[in-house]
Each structure stands twice: as C-alpha cells, then as structure tokens.
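Residues per chain are reported as follows:
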Amino acid sequence: MALGKIGRLPLEWVRVFEAAGRTGSFTAAAAEIGLTQAAVSQRIKNLEHLVGVSLFSRQPRGVILTVD
C-alpha cells in the first residue's frame, strides 16, 4: 500500500476492521459498533479495495483474518 493511502484511511473503517477481526463475525461487529451487518461488510470491502488485499477469509459461520 502506498503511504499516501494511509492518510485517506477513515478511522471508522479501522474500528470496523478491528471489531470484525476480534469477534470473527461481521454480524457481531455490527451489533457491537451499532451498525448493520451490511454496513460493516461494505466498510470492510471498501478497506480491502483501498489497501489492495483481501483482509478476511469469508467462511459459512464467520470470518477469519488473512495473513495479509
């Protein structure tokens, strides 16, 4: 990721990423933060697009952080 992209990184996306990574679930992260599951999913998708890597492996019963 280019350093210029870090400055454009919304803090809310980082907060959503942290909650999803810790809970292992977009739904649980949404409940914790006070967003919908769809909003969490969209923010993670936007973050992944910005950094250029897949951050989560989507599983049938939750998500797992990738090595990236």
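The shown structure was predicted, so the numbers you read here are calculated from the model rather than taken from an experiment. (Residues numbered from 1 in each chain as written. Predicted model: local features only at pLDDT ≥ 70, side-chain atom pairs only at ≥ 80, totals over all residues. Heavy atoms only, no water.)

Draft legend 1. Spotlight on the packing of helix H2 (residues 11-23) against helix H4 (residues 37-51). Two elements in contact, H2 and H4, have axes separated by 9 Å at closest approach and are oriented at 110°. It follows that H2 is roughly perpendicular to H4 by the angle criterion. Across from Glu 12, Trp 13, Val 16 and Phe 17 in H2, the residues of H4 making contact are Val 40, Arg 43, Ile 44, Asn 46, Leu 47 and Leu 50. (Axes fitted to C-alpha atoms, helices over the stretch in contact; angles between N-to-C directions. Helix = DSSP H or I, 4+ residues; strand = E, 2+ residues; numbered from the N terminus. Parallel < 35°, antiparallel > 145°, perpendicular 65-115°, else oblique. Contact = heavy atoms within 4.5 Å.)

Draft legend 2. Just the pattern of salt bridges, in detail. Tallied over the full model, the rule gives four salt bridges. Across the salt bridge formed by Arg 22 and Glu 18, the nearest N and O atoms sit 2.7 Å from each other. Of this pair, Arg 22 and Glu 18 both sit in helix H2, four residues apart, which is roughly one turn of that helix. Glu 48 serves as the salt-bridge partner of Arg 58, at 2.9 Å between the closest nitrogen and oxygen. Of this pair, Arg 58 sits in strand E1 (residues 56-59) while Glu 48 is found in helix H4, placing the two residues ten residues apart along the sequence. Given the relative accessible area of 41%, Arg 58 is considered partly exposed. Residues joined in a network through salt bridges with shared partners are Glu 18, Arg 22 and Glu 32. (Salt bridge = Lys/Arg side-chain N within 4 Å of Asp/Glu carboxyl O. Buried < 20%, exposed > 50% of the residue type's maximum accessible area, 1.4 Å probe, protein only.)

Don't take any of this as a statement about function, it's just geometry.
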